[in-house]
Amino acid sequence: MKITFYGHASLGIQINDVNILVDPFISANPKASEINIDTLKADYILVTHAHQDHIVDVEAIAKRTNAVIISNYEIVTHYTNLGFEGHPMNHGGTWDFEFGSVKYVNAIHTSSFPDGSYGGQPGGFVIEGEHKNIYIAGDTALTFDMKLIPLQTKLDLAILPIGDNFTMGIDDAILASDFIECDKVLGYHYDTFGYIEIDHEVAKRKFFEKDKDLMLLKIGDFIEL
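To keep things clear, this report deals only with the structure shown in the data block. Treat the numbers as computed from the prediction; the structure is a model and nothing was measured.

Its volume calculated, the largest pocket comes out at about 310 Å³. Considering the residues around the largest pocket, the lining is formed by 19 residues, among which Lys103, Val105, Leu148, Ile149 and Gln152 are closest to the centre. Put simply, the parts of the chain that give the lining of the largest pocket at least two residues each are strand S8 (100-106), strand S9 (123-128) and helix H4 (149-152). Considering every element that reaches the lining of the largest pocket, the biggest residue donor is S8, with five residues. By volume, the second largest pocket is sized at about 220 Å³. Along its surface, the second largest pocket is lined by 14 residues, and Thr4, Tyr6, Gly12, Gln14 and Asn19 are the ones closest to its centre. Looking at the lining of the second largest pocket, the elements with two or more residues in it are strand S1 (2-5), strand S2 (11-15) and strand S3 (18-22). Looking at the lining of the second largest pocket residue by residue, the classes come out as six nonpolar, six polar and two charged.

Below, the structure written as structure tokens:
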């Protein structure tokens, strides 16, 4: 499993020969100006919620690649009404895709499209691949619901928002890693704009002091599990 950071909360995940994009907000992010969305491969696009900073490139990429959009019922209905292919889910539901199983789990946040229309309830994804399991939290506050995840899935990596203000900050993300019983964390949803700027060294030190590993990738860099 290869995971590439495209800035903000945008990710590329490659599982064997399948390419997945998560919350593509790239073309409108000045910090990701070196990423060309026209070169990105996508068989599936996972969308955690409908806010603009998570969906801005969904249509362009899905139109070019014919990717299947996976999200909550309301978001998928929005895109299928526009002619795109989608797979609707809702909280607690699991589906087996060609790359592994996906479970749509709770997140505490809001979800509306840029025009203010209803975007369903926000969520995160637990992906169980052939060899590795990951949790993509989406935009969320710390919640006791996270404690349910390790009852069913042993995680190899957690991808958690750490920018604070709109989501969890560093201290709550550390608690979240306790709740989900995963000490290997990839941070995201930080530094894109002023409200969510963080001190990288302080963040890494706080995780290290709790015997945890916080990875902060440069845009375009990747890790392999």
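Further remarks concern the packing of aromatic side chains. A full pass over the atoms with the stated rule returns 10 aromatic pairs. Plain terms: the ring middles of tyrosine 44 and phenylalanine 97 are 5.7 Å apart, the flat faces sit at 75° to each other, and that makes the pair edge-to-face. With tyrosine 44 in strand S4 (residues 44-46) and phenylalanine 97 in strand S7 (residues 94-97), this residue pair connects regions lying 53 residues apart in the sequence. With 6.4 Å between their ring centres and 70° between their planes, tyrosine 79 and phenylalanine 113 make a pair best called edge-to-face. Residue tyrosine 79 is found in helix H3 (residues 73-80), and its partner phenylalanine 113 is found in the loop between S8 and S9; the two are separated by 34 residues along the sequence. Here tyrosine 79 and phenylalanine 113 have matching classes, each one buried. Pairwise contacts between aromatic rings join Tyr44, Phe97 and Phe99 into one cluster. Lying over the aromatic face of phenylalanine 222, lysine 2 brings its terminal NZ or CZ to 4.2 Å of the ring centre. In this structure, lysine 147 packs its charged tip against the face of phenylalanine 179, placed 4.7 Å from the ring centre.

Another point: the pairing of S3. Of all five residues that make up S3, five are buried, and the element is covered over most of its length. The alternating pattern of S3 places Val18, Ile20 and Val22 and Asn19 and Leu21 on opposite faces, both of which are buried. Bridging between S2 and S3 involves five bridges; their strand directions are antiparallel. Residue isoleucine 15 lies in a different strand from S3, and its bridge partner there is valine 18. Count of turn residues in the S2/S3 antiparallel hairpin: two residues, of which asparagine 16 carries a positive phi of about 55°.

As a further point, take the sheet that holds S7. Overall, mixed pairing links the seven strands, which are arranged S7-S8-S9-S10-S11-S12-S13 in an open sheet. If you trace the sheet from one side to the other, it starts and ends with S7 and strand S13 (213-215), each paired once. Across the sheet, the mean angle from the axis of one strand to that of its neighbour is 20°, orientation sign disregarded.

Right, let's get into the sheet that holds S2. Strands sit in the order S6-S5-S4-S3-S2-S1-S14 across an open sheet of seven strands; the sheet is mixed. Both edges of this open sheet fall to strand S6 (86-89) and strand S14 (222-224), since each of them pairs with a single strand only. Each strand axis lies, on average, 20° off the axis of its neighbour in the sheet, ignoring direction. Contacts from helix H2 (residues 58-65) reach S3, S4 and strand S5 (68-72), with the element oriented near 165° to S4. Of the strands in this sheet, S5 and S6 are in contact with H3, which crosses S5 at around 145°.

A separate point is the nonpolar core. Within the largest apolar cluster, 55 residues are counted, with the highest numbers of intra-cluster contacts made by Ile3, Ile13, Ile127, Tyr135 and Leu160. The element best represented in this core is helix H5 (residues 170-179), accounting for five residues. Apart from the residues lying within four places of it in its own chain, the contact partners of isoleucine 13 are Met1, Lys2, Ile3, Val18, Asn19, Ile20, Val22, Ile127, Ile134 and Ile136. In this structure, Ala50, Ile61, Ala62 and Tyr79 belong to the second largest nonpolar core, which totals 21 residues.

Procedures and definitions
- Residues numbered from 1 in each chain as written.
- Predicted model: local features only at pLDDT ≥ 70, side-chain atom pairs only at ≥ 80, totals over all residues.
- Heavy atoms only, no water.
- 1 Å grid on protein atoms, 1.4 Å probe; cavity = no way out; pocket = protein on both sides within 12 Å on 5 of 7 lines; lining within 4 Å.
- Points joined across faces, edges and corners; volume = space filled by probe spheres on them.
- Helix = DSSP H or I, 4+ residues; strand = E, 2+ residues; numbered from the N terminus.
- Nonpolar A, V, L, I, M, F, W, Y, C, P; charged D, E, K, R; others polar.
- Phe/Tyr/Trp six-rings, centres within 6.5 Å; stacked < 30°, edge-to-face > 60°.
- Buried < 20%, exposed > 50% of the residue type's maximum accessible area, 1.4 Å probe, protein only.
- Lys NZ or Arg CZ within 6 Å of the ring centre and 35° of its normal.
- Pairing = 2+ DSSP bridges.
- Axes fitted to C-alpha atoms, helices over the stretch in contact; angles between N-to-C directions.
- Contact = heavy atoms within 4.5 Å.
- Core = buried A, V, L, I, M, F, W, Y, C linked by side-chain atoms within 4.5 Å.

Any functional reading would require information beyond the geometric quantities listed.
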